[in-house]
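Descriptive structure summary
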Amino acid sequence: MSSDHKKLSYNQGIVYALACYVVWGLVPIFWKAITGVPAVNVLAHRIVWSFAFLLIWVLITNLRTFINYVKQPRLLLRLGLAGFIVSANWGIYIYAVESNHIIEAGLGYYINPLINVFLGYVFLKERLATMQKIAVVLALAGVTYFAISYGKFPWISLALAITFGLYGLLKKKTNLESIPALTIETMMVCPFALAFLFYTSETGAVTPFFPTSAITSLLLIASGIVTAIPLFWFGKSAQVIPLSTMGFIQYLCPTLQLLLGVFVYGETFGMEYLICFACVWAGLLFYTISILTGKKVTIAQ
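A brief structural summary. (Residues numbered from 1 in each chain as written. Predicted model: local features only at pLDDT ≥ 70, side-chain atom pairs only at ≥ 80, totals over all residues. Heavy atoms only, no water.)

The next point concerns the overall build of the chain. Per the secondary structure count, the chain includes 12 helices and 0 strands. Secondary structure elements of the chain, listed N to C terminal, follow the sequence α-α-α-α-α-α-α-α-α-α-α-α. Since a compact globule built from 301 residues should have a radius of gyration of about 19 Å, the 19 Å found for the chain is in line with a globular shape. For the chain, the spread of C-alpha atoms along the three principal axes comes to 50 × 45 × 35 Å. Relative to its 301 residues, the chain shows a buried fraction of 52%. The long-range fraction of contacts in the chain, counting pairs at least 24 apart against all pairs at least 6 apart in sequence, stands at 87%. For the chain, the distance from the average position of its 18 positive side-chain charges to the average position of its 9 negative side-chain charges is 15 Å. (Helix = DSSP H or I, 4+ residues; strand = E, 2+ residues; numbered from the N terminus. Rg over C-alpha atoms; globule rule 2.2 N^0.38 Å. Buried < 20%, exposed > 50% of the residue type's maximum accessible area, 1.4 Å probe, protein only. Contact = heavy atoms within 4.5 Å. Lys, Arg positive; Asp, Glu negative; His and termini not counted. Charge placed at Lys NZ, Arg CZ, Asp CG, Glu CD.)

Next up, the structure:
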């Protein structure tokens, strides 16, 4: 039996879910520690080292499933698309952290469940309950108010929410074992990341393949582990935890990001953000009620 499908208890699933979302909530600290490297290069390293780490993992634990997936051309195309989408999500998030927009990134992950509801309606023809319609309208109202009053469209928030939502939609449609699938996703994107790193290293246009700082180089290598482990935990927890429970726990991530942005990195949380967040939080209240009343929604997996 593969490591992905060993039966977990409910309590073990809760522990995996909590660990996953706490790490995702605190991961800005890790990206902030990587200094002097442009976000696009950090992204390229993240892809390369994630693939390296996952490849070793899958060779040890689930090689047969990995080979089975690789032999299916249509599946490779779908996983390749998923890989590019999740890479875009990673890149936008790294840029948000490096450019001191952690609060805006947190807003994106608060919006994400509501984006999932909308994507389910558009692509899966899922009917929206009244509570879900209210939730989407409230989130839209909050984002619109922020764009008008602040004079800046919150593209980071929406881009993060939409890319992770689309990634979740693809994962829902494929329903594959997490580690072999994620290995192939990073494998399909890895050649582009490697080409970029070698190009910038040869031309000196941005930064060498490895920075002069040994600590920074080690952090870049560790980005593969930081990326893969929480995703594995998420996949394990999603096997045994009800959708409604995951819906509650997932709010840990943006809440921790919001607290980090305000109290650790000193980002401004003005009235525009407050009203926007209030609308989104109100929408999430209606979204949570819709879960508790038994209406299933799509959550990125």
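Our next topic: empty space enclosed by the protein. Taken as a whole and judged by the stated rule, the model has 2 cavities of 30 Å³ or more. Estimated volume of the largest cavity: approximately 340 Å³. In this structure, the largest cavity is lined by 21 residues; those nearest its centre are Trp24, Asn89, Tyr109, Phe164 and Cys253. Among the secondary structure elements, those contributing two or more residues to the lining of the largest cavity are α1 (10–33), α4 (73–98), α5 (102–123), α9 (214–238) and α11 (252–264). Of the residues contributing to the lining of the largest cavity, the split by class is 15 nonpolar, 5 polar and 1 charged. (1 Å grid on protein atoms, 1.4 Å probe; cavity = no way out; pocket = protein on both sides within 12 Å on 5 of 7 lines; lining within 4 Å. Points joined across faces, edges and corners; volume = space filled by probe spheres on them. Nonpolar A, V, L, I, M, F, W, Y, C, P; charged D, E, K, R; others polar.)

All right, on to a nonpolar patch on the surface then. Judged by side-chain polarity, Leu18, Val22, Leu26, Ile29 and Leu252 come together as a nonpolar surface patch covering roughly 350 Å² of accessible area. The element best represented in the nonpolar patch is α1, accounting for 4 residues. Its location among the elements puts Leu252 in helix α11. (Patch = residues over 30% accessible without salt bridge, like charges linked within 9 Å, V, L, I, M, F, W, Y side chains within 5 Å. Areas by Shrake-Rupley, 256 points an atom, 1.4 Å probe, with all protein chains shown as cover. Salt bridge = Lys/Arg side-chain N within 4 Å of Asp/Glu carboxyl O.)

Right, let's talk about the nonpolar core for a bit. By size, the foremost hydrophobic cluster in this structure holds 64 residues, and its most contacted members are Tyr21, Trp31, Ile34 and Tyr93. The biggest single contributor to this core is α4, with 12 residues. Beyond its immediate sequence surroundings of up to four residues, Trp31 is in contact with Val42, Arg46, Tyr93, Ile94, Val97 and Ser223. With 24 residues, the next largest nonpolar core counts Ala135, Ala161, Tyr273 and Cys276 among its residues. (Core = buried A, V, L, I, M, F, W, Y, C linked by side-chain atoms within 4.5 Å.)

Our focus in this paragraph is the pattern of salt bridges. Where charged atoms of side chains with opposite charge meet at close range, the side chains can pair. Tallied over the entire structure, the rule returns 1 salt bridge. The salt bridge partner of Glu104 is Lys152, with a shortest N-O separation of 3.2 Å. Taken together, the residues span a long stretch of sequence, with Glu104 in helix α5 and Lys152 in the loop between α6 (130–150) and α7 (155–174) at a distance of 48 residues. Of the residues examined, Lys152 reaches a relative accessible area of 25% and is grouped as partly exposed.

Our focus in this paragraph is the side chain of Thr227. Secondary-structure assignment places Thr227 in helix α9. On the basis of relative accessibility, which here comes to 3%, the residue Thr227 falls in the buried class. Within polar-contact distance, the side chain of Thr227 engages the backbone oxygen of Ser223 at 2.8 Å. (Polar contact = N/O pair within 3.5 Å; in protein donor to acceptor, adjacent residues only side chain to side chain.)

So, about helix α3 (residues 63–70). Of all the positions in α3, only Thr65, Phe66 and Tyr69 are classed as buried. On an axial view of α3, the arc spanned by its buried residues comes to 100 degrees, and they lie on one face. Along its buried surface, α3 packs onto α2 (39–61), α4 and α8 (178–203). (Arc of directions from axis to C-beta.)

Taken as a whole, the second largest pocket spans an internal volume of roughly 260 Å³. If you go around the second largest pocket, the residues you meet are Ile111, Leu114, Ile115, Phe118, Leu119, Val136, Ala139, Leu140, Val143, Leu158 and Ile162. For the lining of the second largest pocket, the secondary-structure elements that each account for two or more residues are α5, α6 and α7. Looking at which element gives the most residues to the lining of the second largest pocket, the answer is α5, with 5 residues. Along the lines of polarity and charge, the residues of the lining of the second largest pocket split into 11 nonpolar, no polar and no charged.

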